[in-house]
Amino acid sequence: MTAQQRYPGWSVVWVAFIVAFFAWGIGFHGMGVFLQTLHATKGWPIATISAAITAHFLIGAAVVVYLPEVHRKLGLAKSTILGAALTAFGIVSWSISASPSHLFAAAIFSGSGWALTSGAAINAMIVPWFDKERPKAIGHAFNGSSFGGVIFAPLLVAMISQLGFPQTALIVGSSMVLLVAPLAHQWLRHGPEQPSLAADGMPGGAAATSGAGNSVRSSRRVLMNSRAFVTLTAAFALALFAQVGVLSHLLPRLSTILEASGAAIAVSVTTLSAVAGRMLLARLIGNNDRRYAACANFLVQTIGVSILCVADAAPMLLLGCVLFGLGVGNVVSMPTLIAQQEFRAADVGTVVALVVAINQAVFALAPAILGAVRDFASSYTASFAIAATIQVAAAGVVLIGRNGVSADRGPS
């Protein structure tokens, strides 16, 4: 294609990148900043604020289960705009809460916004446009989540210190709506069929090659009873539990050895490594068995977390951050790529939504559990050792599902 004939799917990828940038920057990485701010300024117990954050993720998980129906009823563009608006209203509500109980009401809005703009929603934006090039497209789109982590945490801290929490929330939330709304309206209202294209820019008549021709959807019960679904969900639930638990406690763990500035740099190295790992996977994975790739990804992270568990010097801590970080982005994006290989095209959206919802319900508990272990043991050694063990278990579970793939996929 010439520059004038550039495949519109890549514009959709950039829209998804921006949505992911705001969604993870506010709804995931921002939660830690909100916790710190509310505890410092209002004196509310960390346990209570943490419970509200858990509610935020659990509400998001409940909404994600029905995300395919929301998309079919409202359309992808309107759903995304609604998600941006709910996120903005939610974080403003967090910022002006007058009592801890108000945080749980705010979590209804922020959690719903997170559900409509995070993992399953990003997948829904990309899937219609890409088949063979889906790993590359998914990788580019989900890089927005990594850059959201790099930019938003320090940006929110700086803005809150200068402007206060309410004004910061209003500015950031409004910026998300003002940027996401027109982009979603322009690029997410139609799929590739509108310009008579199929996935990857093929002529419309080639749509059958992507498996889109079979539009009969399997029921949730049938999908959830399949071996491929059970092992996919269990493996990534374990991996995300370990990953989110480590990420939520990474800064205080690093701060035991490094100064505050050095610990912040190490966290940024972790996030940037996630971008590198995702792009490396997109280049190498091709049509290879994606469960093997997931297993390797989990084991690389296990090595990184094991180093973080025992290291007592800056160079080893940085090495642990790099190895752990290389897999961080892939744990978020790989369920989509595995589902593409193992399920019919008509079922991929439902499968991904269910996997994301279950995973989110599980990983919402990780920060509190690993934090409780840390308090009991008076160090992070036991917490990080548990996380590493869980990642090894995830590597084993993801391989167990390989034998059930052919039976679950069915005709495409």
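Use the structure listed above.
Just so we're clear, the structure is a prediction, and the values are computed from it rather than from any experiment.

1. Structural notes on helix α9 (residues 165–187)
In this model, α9 (23 residues) spans 33 Å end to end at C-alpha, consistent with the 33 Å of a helix rising 1.5 Å per residue. Residues of α9 that are buried sit in contact with α1 (8–27), α2 (29–42), α5 (76–95), α6 (100–117) and α8 (134–163).

2. Overview of α8
Taking 1.5 Å as the rise per residue, α8 with 30 residues should run 44 Å; its terminal C-alpha atoms sit 41 Å apart, in good agreement. Of all the bends in α8, the greatest, near 30°, is centred on G148. Immediately beyond the C-terminal end of α8, within one or two residues, lies G164, with a positive phi of roughly 95°.

3. Side note on the environment of S255
Position of S255 relative to the elements: it lies in helix α11 (residues 227–255). Spatially, the C-alpha atoms of S255 and A266 are 9.9 Å apart, while their sequence positions differ by 11 residues.

4. Brief notes about the pattern of salt bridges
Taken as a whole and judged by the stated rule, the model has 5 salt bridges. Note that E69 and R72 form a salt bridge whose closest N and O atoms lie 3.7 Å from each other. Here R72 and E69 lie together in helix α4 (residues 67–74), a separation of 3 residues that amounts to about one turn. Given a relative accessible area of 31%, E69 falls into the partly exposed group. With its nearest N and O atoms 2.7 Å apart, the salt bridge here joins R220 to E69. Here R220, found in helix α10 (residues 220–224), pairs with E69, found in helix α4; they are 151 residues apart in sequence, far enough to count as distant.

5. Let's talk about the nonpolar core
W94, I122, F236 and F298 are the most contacted members of the largest nonpolar core, which has 95 residues in total. Here this core gets 12 residues from one element, more than from any other, and that element is α1. In contact with F298, not counting residues within four places along its chain, are A235, F236, A239, V331, Q391, A394, A395 and V398. Formed by 25 residues, the second largest nonpolar core is a distinct cluster that contains V246, A263, C321 and A387.

6. What about the environment of A141?
With respect to the helices, strands and loops of the structure, A141 is situated in helix α8. Taking the C-alpha atoms as reference, A141 lies 17 Å from G286; in sequence the two are 145 residues apart. What A141 contacts, discounting residues up to four positions off in sequence, is V13, A16, F17, A20, I122 and I126.

7. A few points about the packing of aromatic side chains
Here a ring pair, both rings aromatic, is described through the centre-centre distance and the interplanar angle of the planes. Per the stated rule, a full pass over the model turns up 20 aromatic pairs. Pairing F57 with W114 gives two aromatic rings, centres 5.9 Å apart and planes at 80°, and the pair type is edge-to-face. One end of the pair, F57, is in helix α3 (residues 46–65); the other, W114, is in helix α6, with 57 residues separating them in the sequence. Between the aromatic rings of F89 and F109, the centroid separation amounts to 4.8 Å while the plane-to-plane angle is 75°, which identifies the pairing as edge-to-face. You can see F89 sitting in helix α5 and its partner F109 sitting in helix α6, a full 20 residues away along the chain. Overall, F89 belongs to the partly exposed group, its relative accessible area being 46%. Classification of F109 by relative accessible area gives partly exposed; the value is 32%. Put simply, the rings of W24, F28, F57, W114, F142 and F363 touch in pairs and so form one group of aromatic residues.

Procedures and definitions
Residues numbered from 1 in each chain as written. Predicted model: local features only at pLDDT ≥ 70, side-chain atom pairs only at ≥ 80, totals over all residues. Heavy atoms only, no water. Helix = DSSP H or I, 4+ residues; strand = E, 2+ residues; numbered from the N terminus. Expected span 1.5 Å × (residues − 1). Contact = heavy atoms within 4.5 Å. Bend = angle between axes of the 7 residues up to and from the residue. Salt bridge = Lys/Arg side-chain N within 4 Å of Asp/Glu carboxyl O. Buried < 20%, exposed > 50% of the residue type's maximum accessible area, 1.4 Å probe, protein only. Core = buried A, V, L, I, M, F, W, Y, C linked by side-chain atoms within 4.5 Å. Phe/Tyr/Trp six-rings, centres within 6.5 Å; stacked < 30°, edge-to-face > 60°.

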